[in-house]
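What follows is the residue order along each chain.
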Amino acid sequence: MERIEHRACAGGWQDVYRHHSTTLGCDMQFAVYLPPQAASQKLPVLYWLSGLTCTEQNFITKAGAQRYAAEHGVIIVAPDTSPRGDDVADAEGYDLGKGAGFYLNATRAPWAKHYRMHDYVAQELPALIEANFPATDARGISGHSMGGHGALVIALRNPGRYRSVSAFSPIVAPTHVPWGQKAFTAYLGDNPADWAQWDACQLVANAGERLPLLVDQGEGDEFLHTQLQPQRLQQACDAAGHPLSLRLQPGYDHSYYFIASFIGEHIAHHARALNA
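Residues numbered from 1 in each chain as written. Predicted model: local features only at pLDDT ≥ 70, side-chain atom pairs only at ≥ 80, totals over all residues. Heavy atoms only, no water.

The name given to the protein in an unreviewed UniProt entry is S-formylglutathione hydrolase, with the source organism recorded as Stenotrophomonas lactitubi. Per UniProt, the protein has the following entry under Catalytic activity (unreviewed entry): "S-formylglutathione + H2O = formate + glutathione + H(+)". As recorded by UniProt, the Function (unreviewed entry) comment attached to the protein reads in full: "Serine hydrolase involved in the detoxification of formaldehyde." (UniProt positions renumbered as here; feature names shortened; annotations may be inferred.)

In structure tokens, the structure reads:
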């Protein structure tokens with residue numbers, strides 16, 4: 001593991017590391033924000049999953065999350081959004097291949113060799129963080145768009161592993177929208193029955209725990225009706241009796257201006273659970 005960026009920020013340090021992932025079979029980068037409290041004690045960790053086309057850089061440079069993490073004493077870890085490298089499969093367009101890992105474990109060639117982002121985020125990366133940084137095993141998970149989908153699905157698939165979960169503008173029902181259908185067909189095959197385990201709305205019905213879900217969605221989001229459809233998650237949670245706080249925010253779009261406006265509230269939400 002090699003540190004490749006080290007910048008003072010909000011009294012702590014915003015770092016970026018490169019390491020070889022055995023899960024993905026390639027070198028990966030991830031960002032770690034260590035708040036000032038990390039100099040003297042172990043702290044809980046919030047994992048942030050970014051959306052289509054992003055790397056670890058988008059969140060750490062645009063969201064303004066560091067000052068809230070410093071206020072609450074929370075480490076933030078932001079991985080890249082897909083495997084990377086010359087031998088990693090890719091495709092034309094922004095919504096499949098590199099930058100579009102969808103936080104699942106692919107089963108179809110040529111994707112299955114490297115595209116195992118679920119296992120990387122849920123298992124390999126936390127083990128690495130907890131072994132090498134002043135981190136406890138208290139974990140929260142959050143994300144935006146494709147990463148919001150990832151946060152919800154990973155939390156729902158791994159009961160007991162996370163104490164908190166939230167999302168901005170998540171793809172809540174990927175089996176019903178073009179982004180998800182394209183990715184799932186490529187990564188998992190054309191049988192919709194194989195897609196259900198990666199769809200938050202379907203996972204809620206049989207969730208092994210009732211971890212409260214916090215979701216913020218901009219009403220001015222250009223993808224609201226075509227790709228995101230948060231009402232599907234509300235309906236699924238209502239039917240299952242699963243706690244959901246779905247906040248529709250007037251005027252906000254899909255951008256990091258939206259995330260920056262509410263990230264402080266999300267970090268406070270996570271901190272309450274992580275520090276309990």
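Caption draft 1: Expanded view of the pairing of strand S1 (residues 2-9). Bridge analysis of S1 against strand S2 (residues 12-21) gives seven bridges, and the strand direction is antiparallel. Residue pairing across strands places Arg-3 opposite Tyr-17, the latter belonging to S2. Connecting S1 to the next strand, S2, in antiparallel fashion are two residues, including Ala-10 with a positive phi near 50 degrees. (Pairing = 2+ DSSP bridges. Helix = DSSP H or I, 4+ residues; strand = E, 2+ residues; numbered from the N terminus.)

Caption draft 2: Region of the structure containing the nonpolar core. Membership of the largest hydrophobic core comes to 70 residues, with the highest contact counts inside it found for Phe-30, Phe-102, Ile-129, Ile-141, Tyr-187 and Leu-233. In this structure Ile-141 touches Leu-46, Tyr-47, Leu-49, Val-121, Ala-151, Ile-154, Ala-155, Tyr-162, Ser-164, Val-165, Ser-166 and His-270, once residues within four positions along its chain are discounted. Counting residues in each nonpolar core, the second largest holds 25 residues, with Ala-63, Ala-65, Ile-76 and Ala-78 among its members. (Core = buried A, V, L, I, M, F, W, Y, C linked by side-chain atoms within 4.5 Å. Buried < 20%, exposed > 50% of the residue type's maximum accessible area, 1.4 Å probe, protein only. Contact = heavy atoms within 4.5 Å.)

Caption draft 3: Here's a closer look at helix H4 (residues 146-157). When the terminal C-alpha atoms of H4 are compared, their 16 Å separation across 12 residues agrees well with the 16 Å that a helix rising 1.5 Å per residue should span. The buried count for H4 comes to 11 of 12 residues, which makes it a mostly enclosed element. Taken together, the buried positions of H4 are Met-146, Gly-147, Gly-148, His-149, Gly-150, Ala-151, Leu-152, Val-153, Ile-154, Ala-155 and Leu-156. (Expected span 1.5 Å × (residues − 1).)

Caption draft 4: Focus on the UniProt feature "active site" (unreviewed entry) in the protein. Annotation from UniProt places "active site" (unreviewed entry) at Ser-145, Asp-221 and His-254. A maximum C-alpha distance of 10.9 Å is found for the annotated residues, which run over 110 residues; spatially they form one tight group. For the largest pocket, the lining residues among the annotations just cited are Ser-145 and His-254. Within the element layout of this structure, Ser-145 appears in the loop between strand S6 (135-143) and H4. Each residue touching Ser-145, except ones within four places of it in the same chain, is listed here: Gly-51, Phe-168, Ser-169, Pro-170, Ile-171, Trp-179 and His-254. Inspection of the secondary structure assignment puts Asp-221 in the loop between strand S8 (213-218) and helix H7 (224-228). The class of Asp-221 is buried, set by a relative accessible area of 5%. (1 Å grid on protein atoms, 1.4 Å probe; cavity = no way out; pocket = protein on both sides within 12 Å on 5 of 7 lines; lining within 4 Å.)

Caption draft 5: Broad picture of the sheet that holds S6. If you walk across this open sheet you meet the nine strands as S1-S2-S3-S5-S4-S6-S7-S8-S9, and the pairing is mixed. Each having just a single partner strand, S1 and strand S9 (244-249) make up the two edges of the open sheet. Here the strands of the sheet are splayed against their neighbours by 20 degrees on average, with no regard to which way each runs. Bridge count for strand S7 (residues 164-168) against S8 is four bridges, and the pairing is parallel. (Axes fitted to C-alpha atoms, helices over the stretch in contact; angles between N-to-C directions.)

Caption draft 6: The state of the cysteines, seen in detail. According to the stated counting rule, one finds zero disulfides in the structure shown. The thiol of Cys-9 is unpaired, and the distance to the nearest cysteine sulfur, on Cys-54, comes to 18 Å. Summary of cysteine pairing: Cys-201 is not part of a disulfide, and the nearest cysteine sulfur, belonging to Cys-237, is at 7.4 Å. The class of Cys-201 is buried, set by a relative accessible area of 13%. (Disulfide = S-S within 2.5 Å.)

Caption draft 7: Structural detail: the layout of surface pockets. What the largest pocket holds in volume is close to 260 Å³. As for the largest pocket, its lining consists of 16 residues, of which Leu-52, Thr-53, Cys-54, His-144 and His-254 are closest to the centre. Broken down by class, the residue content of the lining of the largest pocket amounts to six nonpolar, seven polar and three charged. (Points joined across faces, edges and corners; volume = space filled by probe spheres on them. Nonpolar A, V, L, I, M, F, W, Y, C, P; charged D, E, K, R; others polar.)

Caption draft 8: Expanded view of helix H8 (residues 230-240). Where H8 is concerned, the buried positions are Pro-230, Leu-233, Ala-236 and Cys-237. Considered in projection along H8, the buried side chains sweep an arc of 115 degrees and stay on one side of the axis. Turned more than 90 degrees away from the buried face of H8, the exposed residues are Gln-235, Asp-238 and Ala-239. Of the surrounding elements, those touching the buried residues of H8 are H4, helix H6 (200-204), S8, H7 and S9. Of the residues one or two after H8, Gly-241 is the one with positive phi, at around 70 degrees. (Arc of directions from axis to C-beta.)

Caption draft 9: Region of interest: the pattern of salt bridges. Here the structure, examined in full by the defined rule, presents nine salt bridges. Of the charged contacts in the structure, one is a salt bridge between Arg-18 and Glu-2, with a shortest N-O distance of 3.4 Å. Note that Arg-18 is positioned in strand S2 and Glu-2 in strand S1, a separation of 16 residues in sequence. On the basis of relative accessible area, Arg-18 is assigned to the partly exposed category, the value being 31%. Of the residues examined, Glu-2 reaches a relative accessible area of 44% and is grouped as partly exposed. Salt-bridge contacts for Arg-247 lead to Asp-216; the nearest nitrogen and oxygen are separated by 2.7 Å. Residue Arg-247 is located in strand S9, and its partner Asp-216 is located in strand S8; the two are separated by 31 residues in the primary sequence. A relative accessible area of 24% means that Arg-247 is categorised as partly exposed. On the accessibility criterion, Asp-216 (0% relative accessible area) is buried. Each of Asp-216, Arg-247 and Glu-265 takes part in a single network of salt bridges with overlapping partners. (Salt bridge = Lys/Arg side-chain N within 4 Å of Asp/Glu carboxyl O.)

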